[in-house]
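Read off the chains here:
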Amino acid sequence: MDKIYFDNAATTQIDLKVIEQMKSVMSDNFGNPNSTHSYGRSSRTLIEKARKTIANQFNASTSEIYFTSCGTESDNMVLISAVRDLNVKTIITSKVEHKAVLNVVKYLEETESIDLKYVNVSNDGLIDYNHLQTLLKKCSNKCLVSLMHINNEIGSKLDLNLVGNLCKDNNALFHSDTVQSIGKYEFDLSKLNIDFIVGSAHKFHGPKGIGFVYINKNLKLNPFVIGGNQERGMRAGTESVHNISGMELAFINSYTNIQENNNHISSLKSTFIKKIKKDIPEIKFNGSCDDDLLSSFSILNICLPIPKEKAVLLDFNLDMKGIACSRGSACQSGSITGSHVLNSFLSDEDLNKPSLRFSFSKHNNNKEVEKVINVLKEFIDSN
Ligand code: PLP
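All values derive from a computational prediction rather than experimental measurement.

Novice: Describe the site of the ligand, listing the residues and the values that go with them.
Specialist: By nearness alone, 13 residues border the ligand, and T72, D177, Q180, S200 and K203 come closest of all. One of the side-chain N or O atoms of K203 is found 2.5 Å from an oxygen atom in the ligand. Burial of the ligand by the protein chains amounts to 88% of its free accessible area of 390 Å². Judged by the proximity of its atoms to the pocket grid, the ligand belongs to the largest pocket. For the shell around the ligand, the leading source of residues is helix 3 (residues 71–85), giving three residues. Broken down by class, the residue content of the shell around the ligand amounts to three nonpolar, seven polar and three charged.

Here's what the structure looks like:
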């Protein structure tokens, strides 16, 4: 049975050339990058080359890029350090952020008495910019806005330019969780009013366990992981050279082929929308994921017209047919609380129906789209 992988927002298949690159680094560049001999120097060269590649792509400076272990660590670093080192007293975020942000800001509310405000999210899963402006205007102390660029569950897209300008006008710092957009969107950080962005290699066909954070050079933070002087003292610990080098190659591949890949993925998503509307007319799209302008071209989250009793068999059925996607309903398998994102804006009626997230990559094709919709239709039509 040919399997179908439509869960690329969870993680992506690592590029074969990236694996080759990492293997060669592991065998040929095993020196500690902090050693001054030739072994160390060749590892150091790889790390600094990767830093330059990422900085150049974003029109940033190499001194603004730090390597971390993942997106979650990068988000933690930004939020915790901003409170500790930049005198941030208020954080404005939304209830549809990833847990890597939501649970950290709640922790900061409990332990640092941060004033935590949530900006309203519409029934379409979109941030209410007017409400954000009102919250910013009311804020009388140092404020940090943390809003993700692309929502990992429903794909809704934030206007980074608009939010950056609002933050600048109100003297607030701006962090955007860009884990879902790195490799798919181009950013010119010299033009955007944005202080922190984050990335994670496994979301763009790179290895797991490696990420990065961009920190605007005008902001002075203290070390996040204390120890040696790695990452200019900000994050101690011997650097994972093979992971950094693998991430660099995956990053280069993504940006070199960005137009071609984005067009391909985008056309898969529109084909999916067109066919499912025709074959299952009662389908609902969660958030604004069927709107090109308001959502990412790679994520689709649908609410299926299936009664609760029958929905329990859906995951099993898809899995039996070799289809991998993500369950984003009110009651996910293994979770009683369900998706905090859908819970925050769907009606009770829709929360009682199963929702699924499909997220596409350059490796997917139209035949797979067709097969998945046929399987869904057969399941809905079956007794
Ligand atoms: N932020 C977003 C929007 C994500 O989608 C994810 C991963 O799903 C993360 C943060 C966490 O990234 P990582 O898995 O690298 O810790």
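Novice: Now, about the sheet that holds strand 6 (residues 173–176): what can you tell me, with residues and values included?
Specialist: In spatial order, the strands read 2-8-7-6-5-3-4; together these seven strands make up an open sheet with mixed pairing. Edge positions in the sheet fall to strand 2 (65–68) and strand 4 (115–118), since each has one partner strand and no second. The mean inter-strand angle of the sheet, taken between neighbouring strand axes irrespective of direction, is 20°. Contacts from helix 6 (residues 160–169) reach strand 5 (143–146) and strand 6, with the element oriented near 155° to strand 6.

Novice: Describe the packing of aromatic side chains, with residues and values.
Specialist: All told, the structure shown has 13 aromatic pairs when counted by the stated rule. The side chain of K95 reaches across the aromatic face of Y118, ending 4.7 Å from its centre. The residue whose ring lies beneath K310 is F379, and the NZ or CZ to ring-centre distance is 5.2 Å.

Novice: Hey, could you go over the side chain of H149 for me, with residue numbers and the actual values?
Specialist: Tracing the backbone through its elements, the reader meets H149 in the loop between strand 5 and helix 6. Residue class for H149 comes out buried when judged on its relative accessible area of 5%. Not counting chain neighbours up to four residues away, the residues in contact with H149 comprise S156, K157, L158, L160, S176, D177, T178, S181, Y185 and F187.

Novice: Quick one: what's the story with the environment of R232, residue by residue and with numbers?
Specialist: Tracing the chain through its elements places R232 in the loop between strand 8 (211–215) and helix 7 (241–256). Under the relative-accessibility criterion, R232 is labelled partly exposed at 39%. Separated by 169 residues in the primary sequence, R232 and S63 place their C-alpha atoms 8.7 Å from one another. Residues contacting R232, with those up to four places away along its chain left out, are R51, T62, S63, E64, I65 and Y66.

Novice: Help me get a handle on the domain arrangement of the protein, residues and values and all.
Specialist: Domain parsing of the protein yields domain 1 (4–12 + 258–381) and domain 2 (16–256). Of note, the centres of domain 1 and domain 2, computed from C-alpha atoms alone, are 28 Å apart. Listed per partner, the contact involves 29 residues of domain 1 and 32 residues of domain 2. Counting each side, the surface lost to burial between domain 1 and domain 2 is near 2500 Å², with a carbon and sulfur contribution of 51%.

Novice: Requested: an account of helix 2 (residues 38–57), with residues and values cited.
Specialist: The terminal C-alpha atoms of helix 2 lie 29 Å apart, and with 20 residues this matches the ideal 28 Å at 1.5 Å per residue to within 8%. Turning to helix 2, its buried residues are G40, S43, L46, I47, A50, R51, T53, I54 and A55. The inward-facing, buried residues of helix 2 abut helix 1 (16–28), strand 2, strand 8 and helix 7.

Novice: Explain the nonpolar core residue by residue, including any values.
Specialist: Burial of nonpolar side chains together is a common tendency in soluble globular proteins. Counting 88 residues, the largest nonpolar core has F58, V145, F272, I302, F358 and L376 as the members making the most contacts within it. Looking at which domains feed residues into this core, each of domain 1 (4–12 + 258–381) and domain 2 (16–256) supplies at least three. Discounting residues that sit within four places of it in the chain, F58 has contacts with I182, F187, D188, L189, S190, I197, F212, F251 and Y255. Residues Y66, L79, I91 and V198 belong to the second largest nonpolar core, which totals 25 residues.

Novice: Can you break down empty space enclosed by the protein residue by residue, with the values?
Specialist: Summed over the entire model, instances satisfying the criterion amount to one cavity of 30 Å³ or more. Taken as a whole, the largest cavity encloses approximately 190 Å³ of empty space. Residue lining of the largest cavity: 20 residues in total, with K184, K203, H205, I265 and S361 positioned closest to the centre. With three residues, helix 8 (residues 258–279) is the largest single contributor of residues to the lining of the largest cavity. Both of domain 1 (4–12 + 258–381) and domain 2 (16–256) provide at least three residues apiece to the lining of the largest cavity.

Novice: Which residues make up the pattern of salt bridges, and what values do they have?
Specialist: For the coordinates displayed, the defined rule picks out 20 salt bridges. With a shortest N-O distance of 3.6 Å, K23 and E20 are connected by a salt bridge. With K23 and E20 both in helix 1 and three residues apart, this pair spans about one turn of that helix. Note that R51 is salt-bridged to E231, the shortest N-O span being 2.8 Å.

Novice: Outline the side chain of N286, supporting the account with residue identities and numerical values.
Specialist: Locating N286 in the fold gives a position in the loop between strand 9 (284–285) and strand 10 (299–303). Within polar-contact distance, the side chain of N286 engages the side chain of S355 at 2.9 Å. If sequence neighbours within four positions are ignored, N286 has contacts with I154, N301, I302, C303, L342, L346 and S355.

Procedures and definitions
Residues numbered from 1 in each chain as written. Predicted model: local features only at pLDDT ≥ 70, side-chain atom pairs only at ≥ 80, totals over all residues. Heavy atoms only, no water. Near = heavy atom within 4 Å. Polar contact = N/O pair within 3.5 Å; in protein donor to acceptor, adjacent residues only side chain to side chain. Areas by Shrake-Rupley, 256 points an atom, 1.4 Å probe, with all protein chains shown as cover. 1 Å grid on protein atoms, 1.4 Å probe; cavity = no way out; pocket = protein on both sides within 12 Å on 5 of 7 lines; lining within 4 Å. Sits in = over half its atoms within 2 Å of the grid points. Helix = DSSP H or I, 4+ residues; strand = E, 2+ residues; numbered from the N terminus. Nonpolar A, V, L, I, M, F, W, Y, C, P; charged D, E, K, R; others polar. Pairing = 2+ DSSP bridges. Axes fitted to C-alpha atoms, helices over the stretch in contact; angles between N-to-C directions. Contact = heavy atoms within 4.5 Å. Phe/Tyr/Trp six-rings, centres within 6.5 Å; stacked < 30°, edge-to-face > 60°. Lys NZ or Arg CZ within 6 Å of the ring centre and 35° of its normal. Buried < 20%, exposed > 50% of the residue type's maximum accessible area, 1.4 Å probe, protein only. Domains from an automatic or database assignment. Buried area = accessible area lost by both parts, 1.4 Å probe. Expected span 1.5 Å × (residues − 1). Core = buried A, V, L, I, M, F, W, Y, C linked by side-chain atoms within 4.5 Å. Points joined across faces, edges and corners; volume = space filled by probe spheres on them. Salt bridge = Lys/Arg side-chain N within 4 Å of Asp/Glu carboxyl O.

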